[in-house]
Each structure stands twice: as C-alpha cells, then as structure tokens.
Amino acid sequence: MEFYSGDINKLIDELAALPGIGSKSAQRMAFYIVNLPQDRVKRLSDAIWTAKQNARYCKCCCTLTDRDICPVCANTKRDHKTIMVVETPRDMIAYEKTGRYEGVYHVLHGAISPMNGIGPSDIRLKELIERLHEDVDEVIIATNSSLEGEATAMYISKLIKPAGIKVSRIASGVPVGGDLEYIDEVTLFRALEGRVEM
Ligand code: ZN
C-alpha cells in the first residue's frame, strides 16, 4: 500500500534494503533525511557517492580502501613478515583497534562454505598464496570460530604448511560462532597472544 509519495517510498525502499535496517528504521531514517537542511543531505549523498567511486581493494592485503595500497600495508614500521588472515575488513579494523598487533593482514572477503556453494576460489586465497613468495615468517589465521571459519582455517593451514611457514590459529577466547567485530579489544588481544601453532 502506498502511504507516502512515490519519491519518499523509493527512499524508504532503498534504506530498507541495507543490512540491519528494518522497514520501521528505514521510515524513521527517510523522514529524518527529508527534514534535514539541504546542505546536510548533499553532504550525505556526496559522501556515499565519493566513497563508492574511490573504494577499491588494497593490491597487497585485499582490504577495502581508497588507495592502491592501504595505510597498514604502506606502513614500513609494521612487521611485514607476519600476516594475519581475517574474513572481512571489519575484522581487520577490530584487531587494529586493539592497537597491539604490529604485523600486516590479509582479508579473504568470506569463508569457505560448501553449504552455500562458496569454495576456495570464491575468496581471496590465491592472493594470499602469492604473498607467501615474499619473506614471511608466520601466518596467523583469525577467521571466525564458526563452522565456515574453522573449515577455512584448516584449509589454509594444509595449503601453507608444506611451504615451511609457521601457521597459527588465534586462541579460543573468541566464543564459538562469534563474529570478531563484536568482541571487545582485550578478548581479541588475548586470543592473539594465546594463539597456537596448527
Ligand atoms: Zn593492504
């Protein structure tokens, strides 16, 4: 049923299609937006458009960034011989927030999930393997402790170990099935400290 004008409905539909936004929140947001001063709305729409135009994947770690090489990979003070493998850019940010990890990352953009038809070639695994030709001491696997995350960790471990590189898995301070991005920084850091070799 059409309660609002076509234009407002269109805005509500677009907002409701975003992750985590139900139809009630979408309505609230749409009303908020149309009541904002014009320059605020322009800033919001410009920010969305500019971020979209400039968004790309780091040529090294595959995280989402607006440069060819992300700030972490470009930082020569980081330990480039230690690579932490995570599922999403959000997980990478969660570890960055601990402020205690000095290595670099590799973002897979997902996890292997045969049930959902996601195989090794559907995530950024090939790019990780290519990075191992460089001088790498340790690969820390920090995928989520979900079924998919564990399966991905096992797969990567089997793939890398023959190359003679140390492979470790973050400790189980991270609750089973827990998404890394929702875990507090202390727990994350403990999980990193307590990592075990695979
Ligand atoms: Zn990077």
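The structure this text deals with has already been given above.
Anyway, here's the lowdown on the structure attached to this text.

Rules behind the numbers
Residues numbered from 1 in each chain as written. Predicted model: local features only at pLDDT ≥ 70, side-chain atom pairs only at ≥ 80, totals over all residues. Heavy atoms only, no water. Pairing = 2+ DSSP bridges. Helix = DSSP H or I, 4+ residues; strand = E, 2+ residues; numbered from the N terminus. Contact = heavy atoms within 4.5 Å. Axes fitted to C-alpha atoms, helices over the stretch in contact; angles between N-to-C directions. Right-handed = clockwise from strand over helix to strand, strands pointing away. Salt bridge = Lys/Arg side-chain N within 4 Å of Asp/Glu carboxyl O. Buried < 20%, exposed > 50% of the residue type's maximum accessible area, 1.4 Å probe, protein only.

Bringing the sheet that holds strand 5 (residues 138-141) into the picture now. Strand-to-strand pairing in sheets goes through backbone hydrogen bonds, with the strands running parallel or antiparallel. The strand order across the open sheet formed by five strands is 4-3-5-6-7, and the pairing between neighbours is mixed. The sheet terminates laterally at strand 4 (103-107) and strand 7 (196-197), the two strands that pair on one side only. Of the pairings in the sheet, the one linking strand 3 (residues 79-86) to strand 4 comprises five bridges and is parallel in character. When the bridges of strand 4 are listed, Met84 appears paired with Tyr105. Running at roughly 170° to strand 6 (residues 166-169), helix 7 (residues 147-160) makes contact with strand 3, strand 5 and strand 6 of the sheet.

Turning our attention to the pairing of strand 6. Relative to strand 6, strand 5 runs parallel, the two sharing four bridges. Bridging from a neighbouring strand, Glu138 pairs with Lys166 of strand 6. As for the winding sense of the linkage, the β-α-β connection from strand 5 through helix 7 to strand 6 is right-handed. Across two bridges, the pairing between strand 6 and strand 7 is antiparallel. Residue Arg169 lies in a different strand from strand 7, and its bridge partner there is Val196.

Tallying each qualifying case throughout the model produces nine salt bridges. Salt-bridge contacts for Asp66 lead to Arg67; the nearest nitrogen and oxygen are separated by 3.8 Å. Exposure remark for Arg67: the relative accessible area of 46% places this residue in the partly exposed category. A network of salt bridges, in which partner residues are shared, links Arg56, Lys59 and Asp68.

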